[in-house]
Amino acid sequence: MREFTDIRGLHYRDLTGRQRLLFWFGVGLVLLVGIFTVVYYWGINNLENQPRSIFQAFNVVIETMTTTGYGADSPWSTPAMNVFVALMQVTGIVLGFVTLRILVIPLFERTPLNLDDRLTSKDDHVVVAEYERDTEVLLDELEALDVDYVLVESDEDEALRLSDDGYQAINGDPEDRDDLDRATIERASLLITDAGDRTASVVLTALEANEDLRVVSFTASTRRKAALAEVGVDRSVAPHALIGRRLAEKATTPVALDAPSADDAVVIRELLVRRGSPLHGVSVRESPVARHPDLTLVAGWFDGELRLPPSPEDRLTPNTVLVVAGPEHSVDELENEVGSGRTPRAATQSQVIVAGFGEGGQEAVSTLPADVPVTTVDQSADSGADVVGDATEPETLRAAGVEGASALVVTVDDDATALLTVAMARSLSDDVEILARVTDAEKESAAFRAGADYVLSIQRVSARLVAAEVHGERVMDPAGQIRLVRAEADRFVDAPLSAARGNTERGWTVVGVARDGRVLTDERTEIRSGDDVFVAGSDDAIQRFERTADRR
């Protein structure tokens, strides 16, 4: 083919396939209009005997093909001209569809979309500079709290997808000052970054634009925390280590019951809100625990965070664990309604297995009390684990003593391996409490079905941590020991039990009143002189209480 060059010196061979298609489409359209014009000119002059110039014929052809009209020539008397005009009409309609498909639609599809135009006005907001742990989980958490944010996503397709789904996302490089300025970084209050090895560069660029910015960074290892602090990170979070610590705390949070006789039928029990429970989404204030006259909600685990006591506005979700105190028969009734219960063990009675001795497993072991026997399991001989082997194999778990253990903490890296480990452990022991870590939030329900008692996902815990940080909450406090003590009721005389339970800021609460060999837990009970009270709370709070009240 002979080389074609336009007025700008563009060679035909340099055109893309689409540009060549458009070129030949234009050439064909010009030729077709020219042929129709010549034929119509001949027909109108010779068949219809209506003298017309070539330009008038051209105008009629254009009117006909674009369906805008037929001028003064209509109608035509000869069959040939009617057929020819009909052919032009059909051809015009077909060309319209072809033009729309190969020219107009692709033109709009290829027009760069400025995602910045979709952002609402921002001030005192959160800038998320990359996020690698399921972005929707984090953004949904922020939107549920009505927190303004902008996500800077380096993947153009991912940014467009999130923006199309209604999220406040733009495409950009968080290491580029101009892209951070598009997210109005100078007016932001908090930067969340999960950029891996680029974290230091992202943080330094952001602080250059806004030196008052608080910075929360996710990191793969706790060993990087010191370096990140040097560049201005206020809080560094290693999700694997964080969850390993919380699973260990959950596995060994002890409860001391000091009721001296069978008549003092006060118990403390953990009630797990399982998936599918009717309590899912219910606030603590509206839950049966809060409404029950004989029971007291002492504490609650919410996505790995122990709250002593929970806020009335906290929502119960699958995987919430409520620590409830009261008469045993009332706790049993509530247990049936909630879905599952487990009597907490004292730390000295625990024997814990940690499957997966990486970052999370090592953090779990370091968190466990020194007097708790621990057996570690890992497939790598270089890990230093007590038992080297595949945790999904029954021989490995038996060698670790799963059949006699009180708790199994699963911190293996792969979700599929974690689920199989949970299922295998449950098949070997009905009594062991299984606490598992998964990466994908959607795997939580699968872990429950496999036999886990408690599951934390990296995606969900990381999102909740960010949400809590936005509100300035302390989200990494270690769990305190929960204790139940009996004390004289002198300080509460003449007050109803509901008043004695009232102050949630002190860390302890009055569970019930001991009187004449019975335990009264109805909140309307008026406390009398000579009564004793059962008080539950964290270890530190109970110690403060005991300094101001004589204990029997």
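Position numbers for residues start from 1 in each chain and track the written sequence from start to end. In keeping with the model being predicted, local features are shown solely for residues with a pLDDT of at least 70 and side-chain atom pairs are shown and tallied solely at 80 or more, while totals for entire chains, interfaces and linings include all residues. Values shown for side chains rest on all heavy atoms present in the structure; no hydrogens or waters enter the calculation.

### Some details on the overall build of the chain
In step 1: Runs of E in the DSSP output that reach at least two residues are strands. Runs of H or I that reach at least four are helices, and both are numbered from the N terminus. Counting secondary structure elements, the chain contains 18 helices and 22 strands.
In step 2: For the chain, long-range pairs separated by at least 24 residues make up 66% of all intrachain contacts whose partners lie at least 6 apart in sequence.
In step 3: Surface exposure here means Shrake-Rupley accessible area, sampled with a 1.4 Å probe, where a residue is shielded only by the protein chains that are shown. When the accessible area of the chain is evaluated, it comes to approximately 26,200 Å², of which 50% is carbon and sulfur surface. Note on contacts: a residue pair is in contact if any heavy atoms of the two residues lie within 4.5 Å.

### Describing unusual backbone geometry
In step 1: Positive phi, normally seen in glycine, also occurs at Asp124, with a value near 55°.
In step 2: Relative to the elements of secondary structure, Asp124 occurs in the loop between helix 3 (79-110) and strand 1 (126-129).
In step 3: With a phi angle near 70°, Glu130 is a residue other than glycine that sits in the positive phi range.
In step 4: Along the chain, the position of Glu130 falls in the loop between strand 1 and helix 4 (135-144).
In step 5: Summary of the burial criterion: residues with accessible area below 20% of their type's maximum are buried, those above 50% are exposed, and those between are partly exposed, where the area comes from a 1.4 Å probe applied to protein chains only. Using a relative accessible area of 6% as the deciding quantity, one classes Glu130 as buried.

### Some points on the environment of Thr184
In step 1: If you trace the backbone, Thr184 turns up in the loop between helix 6 (177-182) and strand 4 (190-193).
In step 2: Each C-alpha atom, one on Thr184 and one on Ser121, is 9.2 Å from the other, the two residues being 63 residues apart in sequence.
In step 3: In contact with Thr184, other than residues within four places in its own chain, are Lys122 and His125.

### Digging into the confidence of the model for the chain
In step 1: Note: pLDDT gives the predictor's confidence per residue, expressed from 0 to 100. The predicted model of the chain averages 79 in pLDDT, with 80% of residues at 70 or higher.
In step 2: A low-confidence stretch, residues 473-480 stays under pLDDT 50, and its non-local contacts, those more than four residues away or across chains, total 18 contacts.

### Considering the sheet that holds strand 17 (residues 433-438)
In step 1: The six strands are arranged 15-14-13-16-17-18 in an open sheet whose pairing can be described as parallel. Of all the strands in the sheet, the pair left with one neighbour each is strand 15 (387-388) and strand 18 (454-457).
In step 2: Where helices are involved, their axes are fitted lines through C-alpha atoms of the stretch in contact, as for all axes, and angles between N-to-C directions lie from 0 to 180°. Lying on the sheet, helix 14 (residues 415-428) is in contact with strand 13 (352-355), strand 16 (407-410) and strand 17; it crosses strand 17 at an angle near 175°. A pair of strands counts as paired when DSSP detects no fewer than two bridges linking them.

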